[in-house]
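Inside the fold
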Amino acid sequence: MIFIVAGVSGSGKSTIGIKLAEKLKIPFYDGDDFHPEANKAKMKSGTPLNDEDRKPWLENLNKNMREWEQKKGAVLACSALKEDYREILANGIRGPLVWVFLKGTKELLQERMEARKGHFFSPALLDSQLQTIVYPTYSLTVDIALSPDQIVNKIMENSSSEIGLIGLGVMGRSLALNMADKGFVVSVYNRVAPGEETIVKDFIDALEPNQQVRGYTSLPDFVKSLKKPANIIIMVSAGKAVDQVIESLKPYLASGDLIIDCGNSHFEDTGLRTKTLAEAGIEFMGTGVSGGEKGARFGPSIMPGGNPTIYKRVQPVFEQISAKDEDKNPCCTYIGPEGSGHFVKMIHNGIEYAEMQILAEAYFVMKNGLAMNNEQIADEFETWIESGQGSYLLEITVSILRKKEKGTYLLDAILDKAGQKGTGSWSSEFAFRSGIPLNTISEAVQARQVSALKNYRTKMGSLYSLSGESNFSATAKELQQAVYLATMVNHHIGFSAIKEASKERDWNVDLSETARIWTNGCIIRSELMKKLALELQNSEGVLESAWIKERVEDSFESLKKVLSNSILSNIPTPVMNTSLQYLLSITNERLPANLIQAQRDYFGAHTYQRLDGGDEFFHSNWE
Ligand code: 6PG
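Here goes a summary of the coordinates provided. Nothing here was measured: the structure is a model prediction, and the numbers come from that model. (Residues numbered from 1 in each chain as written. Predicted model: local features only at pLDDT ≥ 70, side-chain atom pairs only at ≥ 80, totals over all residues. Heavy atoms only, no water.)

1. Concerning the overall build of the protein chain
Looking only at helices and strands, one finds 26 helices and 16 strands in the protein chain. Its C-alpha atoms put the protein chain at 110 × 65 × 45 Å along the principal axes. Taken over 623 residues, the protein chain has a buried fraction of 49%. For the protein chain, the share of sequence-separated contacts (at least 6 apart) that also reach a separation of at least 24 residues comes to 71%. Between the mean site of the 68 positive side-chain charges and the mean site of the 78 negative ones, the protein chain shows a separation of 6 Å. (Helix = DSSP H or I, 4+ residues; strand = E, 2+ residues; numbered from the N terminus. Buried < 20%, exposed > 50% of the residue type's maximum accessible area, 1.4 Å probe, protein only. Contact = heavy atoms within 4.5 Å. Lys, Arg positive; Asp, Glu negative; His and termini not counted. Charge placed at Lys NZ, Arg CZ, Asp CG, Glu CD.)

2. A word on the sheet that holds strand S8 (residues 213–216)
Pairing is mixed across the open sheet formed by seven strands, whose spatial order is S8-S7-S6-S9-S10-S11-S12. Strands with a single pairing partner mark the edges of an open sheet, and in this sheet they are S8 and strand S12 (301–305). Averaged over all pairs of adjacent strands, the angle between strand axes in this sheet comes to 25°, irrespective of strand direction. When strand S10 (residues 258–261) meets strand S11 (residues 283–290), the two strands line up parallel, connected through four bridges. The residue of S11 that forms the bridge with Ile259 is Phe284. Running at roughly 150° to strand S9 (residues 231–234), helix H11 (residues 240–249) makes contact with strand S6 (163–166), S9, S10 and S11 of the sheet. (Pairing = 2+ DSSP bridges. Axes fitted to C-alpha atoms, helices over the stretch in contact; angles between N-to-C directions.)

3. Looking at the state of the cysteines
By the definition in use, this model includes zero disulfides. Of the cysteine sulfurs around Cys262, a residue in no disulfide, the closest is that of Cys332, at 9.7 Å. Judged by relative accessible area, Cys262 falls into the buried class, the value being 3%. Cys522 provides the cysteine sulfur closest to Cys331, a residue in no disulfide bond, and the two sulfurs are 7.6 Å apart. Residue classification places Cys331 among the buried positions, given a relative accessible area of 0%. (Disulfide = S-S within 2.5 Å.)

4. Side note on the site of the ligand
Not every one of the 14 residues close to the ligand is listed here, only the nearest: Ser290, Lys345, Glu352, Tyr353 and Lys421. Here an oxygen atom of the ligand and a side-chain polar atom of Asn349 are 3.0 Å apart. The side chain of Arg448 places a nitrogen or oxygen atom 2.8 Å from an oxygen atom of the ligand. Against a free-state accessible area of 410 Å², the protein chains account for coverage of 81% of the ligand. Split by residue class, the shell around the ligand holds two nonpolar, eight polar and four charged. Mapped onto the domain boundaries, the shell around the ligand takes at least three residues apiece from domain 2 (161–338) and domain 3 (347–586). (Near = heavy atom within 4 Å. Polar contact = N/O pair within 3.5 Å; in protein donor to acceptor, adjacent residues only side chain to side chain. Areas by Shrake-Rupley, 256 points an atom, 1.4 Å probe, with all protein chains shown as cover. Nonpolar A, V, L, I, M, F, W, Y, C, P; charged D, E, K, R; others polar. Domains from an automatic or database assignment.)

5. Section: the layout of surface pockets
Looking at the largest pocket, its volume works out to about 1700 Å³. The wall of the largest pocket is formed by 39 residues, among which Gln357, Ala360, Tyr363, Asp416 and Ser451 lie closest to the centre. Listed by contribution, the elements that provide at least two residues to the lining of the largest pocket are helix H15 (340–368), helix H17 (392–402) and helix H19 (439–452). Grouping the constituent residues of the lining of the largest pocket by class yields 23 nonpolar, seven polar and nine charged. Taken together, 42 residues form the lining of the second largest pocket, with Ser9, Asp32, Arg116, Leu125 and Gln129 sitting closest to its centre. Residue assignment for the lining of the second largest pocket shows that the elements contributing at least two residues are helix H1 (13–24), helix H3 (51–70), helix H5 (106–115), helix H6 (123–132) and helix H7 (148–157). Looking at the lining of the second largest pocket element by element, the count peaks at five residues for H6. (1 Å grid on protein atoms, 1.4 Å probe; cavity = no way out; pocket = protein on both sides within 12 Å on 5 of 7 lines; lining within 4 Å. Points joined across faces, edges and corners; volume = space filled by probe spheres on them.)

6. Remarks on the packing of aromatic side chains
Under the definition given, this model contains 20 aromatic pairs. With 6.1 Å between their ring centres and 65° between their planes, Trp99 and Tyr138 make a pair best called edge-to-face. Residue Trp99 is located in strand S4 (residues 97–103), and its partner Tyr138 is located in the loop between H6 and strand S5 (140–143); the two are separated by 39 residues in the primary sequence. A residue is classified by how much of its surface remains accessible, and Tyr138, at 15% relative accessible area, is buried. Considering the side-chain rings of Phe267 and Phe343, the 4.9 Å spacing of their centres and the 85° angle between planes classify their relative orientation as edge-to-face. With Phe267 in helix H12 (residues 267–279) and Phe343 in helix H15, this pair connects stretches of sequence that are 76 residues apart. In this structure, Lys103 is placed above the aromatic ring of Tyr135, and the distance from its NZ or CZ to the ring centre is 4.3 Å. Sitting over the ring of Trp507, Arg505 keeps its end group 5.5 Å from the ring centre. (Phe/Tyr/Trp six-rings, centres within 6.5 Å; stacked < 30°, edge-to-face > 60°. Lys NZ or Arg CZ within 6 Å of the ring centre and 35° of its normal.)

7. Focus: the environment of Asp269
Mapped onto the elements, Asp269 comes out in helix H12. Along the chain, Asp269 and Asp243 lie 26 residues apart, while their C-alpha atoms are 9.6 Å from each other.

8. Looking at the packing of helix H21 (residues 476–505) against helix H23 (residues 527–538)
The contact between H21 and H23 brings their axes to 12 Å, and the two run at 50°. In terms of orientation, H21 lies oblique with respect to H23. In this structure, the crossing between H21 and H23 has a hand that is right-handed. Residues Tyr484, Thr487, Met488, His491 and Phe495 of H21 form the contact with H23, whose own contacting residues are Leu528, Met529, Leu532 and Leu536. Classifying every residue of the contact of H21 with H23 gives seven nonpolar, two polar and no charged. (Parallel < 35°, antiparallel > 145°, perpendicular 65-115°, else oblique. Left-handed = near helix turned anticlockwise from the far one by under 90°.)

9. Notes on the nonpolar core
Within soluble globular proteins, side chains that are nonpolar tend to cluster in buried spots. Phe343, Phe381, Leu479, Phe495, Trp518, Leu532 and Met576 are the most contacted members of the largest nonpolar core, which totals 77 residues. Structurally, this core is a two-domain feature, drawing no fewer than three residues from each of domain 2 (161–338) and domain 3 (347–586). Every residue in contact with Phe381, bar those within four places of it in the chain, is listed here: Leu359, Ala362, Tyr363, Met366, Leu394, Thr397, Val398 and Leu401. The next biggest cluster of nonpolar side chains, apart from the first, holds 62 residues, and it includes Ile16, Trp99, Ile151 and Val245. (Core = buried A, V, L, I, M, F, W, Y, C linked by side-chain atoms within 4.5 Å.)

10. Focus on the sheet that holds strand S1 (residues 2–6)
Read across the open sheet, the five strands follow the order S2-S3-S1-S4-S5; overall the sheet is parallel. Two strands lie at the open edges of the sheet, namely strand S2 (28–30) and S5, each paired on one side alone. Neighbour to neighbour, the strand axes of the sheet diverge by 20° on average, direction disregarded. Relative to strand S3 (residues 74–77), S2 runs parallel, the two being bridged by three bridges. The partner of Phe28 across the bridge, within S3, is Val75. Its contacts with the sheet put H1 on S1, S2, S3 and S4, and the angle it makes with S1 is roughly 160°.

11. Overview of empty space enclosed by the protein
For the structure on display, the rule yields one cavity of 30 Å³ or more. Size it by volume and the largest cavity reaches roughly 190 Å³. When contributions to the lining of the largest cavity are tallied by element, the ones reaching two or more residues are H15, helix H16 (374–389), H17, H21 and H23. Tallying contributions element by element places H21 first for the lining of the largest cavity, with four residues. Its residues placed into classes, the lining of the largest cavity shows eight nonpolar, seven polar and three charged.

See below:
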């Protein structure tokens, strides 16, 4: 390992370099001793060196560094003020090469230089060095106000980064800062692409002094900066970008290194990547992270999936950066093998889609059925929160309803066309393929799709005049109960999907733990979720819980009343309606599927089973 202790004059490069070398038991070299005679003479006469003078000196240092790294390694004290100089020094060094910059205020540097015995202090020299120095993004930066021992200890502790992160988008940036706040030394990498040229530098420049983050635009240097075996988080858009990052990383990874995909990847892609990378000796984990930008920055809910032994390597990081539940336990738990972490995150998002749609429907019913304005709706939602039906989504809805821009409500100016990035429809696709009912979630996806047909809706709206009643007789209190019931059914559907997938794939996902890590940090955190974390410890599913059953039965009449009134008043409420239909069907021993079976057998000889026939299949001649 080669350490370069750098900084302007007076920052203590030699003092620290010597101490560090003693501790590491490797040789120390002072860069100044390597100047050619001509440079030494020039400096003696008080003439500053120019870039041309420095070039042979830096090349000579680099030549020596290449030799040192073949032996025991070394500590080199060298000002290395500019990137051009550092490039010459680093050229061909196989690494690890640790850059340490000693940084201090001008006053402190001046004070130290003035105190040097036998040295003439030139304020102009310090000024010119401070103007010239460009701190690199990738160095460890240590405050010279600390004692020499503290500085050396800091360098020793932080010489390699605990964890790496690729992708400085909104979520990546926030996660990196969250890890740095918790005291982890982080290396970050972002590609240099059009529009992203300064992303690493801007990120590093904005760090607080206590945040140890090293920024790279070179993948090999980024990997070299990490403790071995390396643990690397990737936070890029799901799909091709993930594979591109993996492919570009692979040449620099060694057996046992770990890539953790914290984006919203499809769980099947994660399963495949885990297998393919294992063949190359690389570990891979798919990890769901929920909570948006703020969550990632200050405490998300984390859903890691993959090899449980490998997970232990990053468990302390994930547990520290995650949100905490009511008992101060981390909202992070090992979910299961393969793509289970991303699967659970996908269903989280499915539940999220339906919860959002249910609240949107409630808003629409209050607006169009109960003729309430935005403030009244916000007031009403607030009473729901106060009565114990609170959730993060409900809280943000209250704020959204009250938000004004230039005196008018912002919500009223937003185009009623919902976007989506995929996780909701992936949940539905999975459910269709696996024969798992996902009614509320699929309906929520469809509701977004219908909303997206804005022009067509406008056209059809003027084509049709459908008769409706203006008298809406359900109350806001009944609406609250209706929403609660729809929400309970939606959670039942989501958790059932996890249970089924887990059973089928032997994932052994713990439903109660899943609910617990969703009680904070994530988008669907709520009072109900806290209750489900407890109920699911003993109950097979959400609707099987006695506590839930009591509330479902209590709210049943209200849901029917709200829905029938909505239908009579032509207010679309697709997900609330679907929740009722699901509840009616799932609690009904007899459904008309006997007729479906008879029809199938009639036209296609598809056969049917009989109520009194056991497992046997029958075919009849229906004509
Ligand atoms: C979260 C969110 C997050 C993201 C969704 C939005 O848990 O933090 O779910 O993952 O906001 O992917 O998805 P849509 O753009 O599809 O609504």
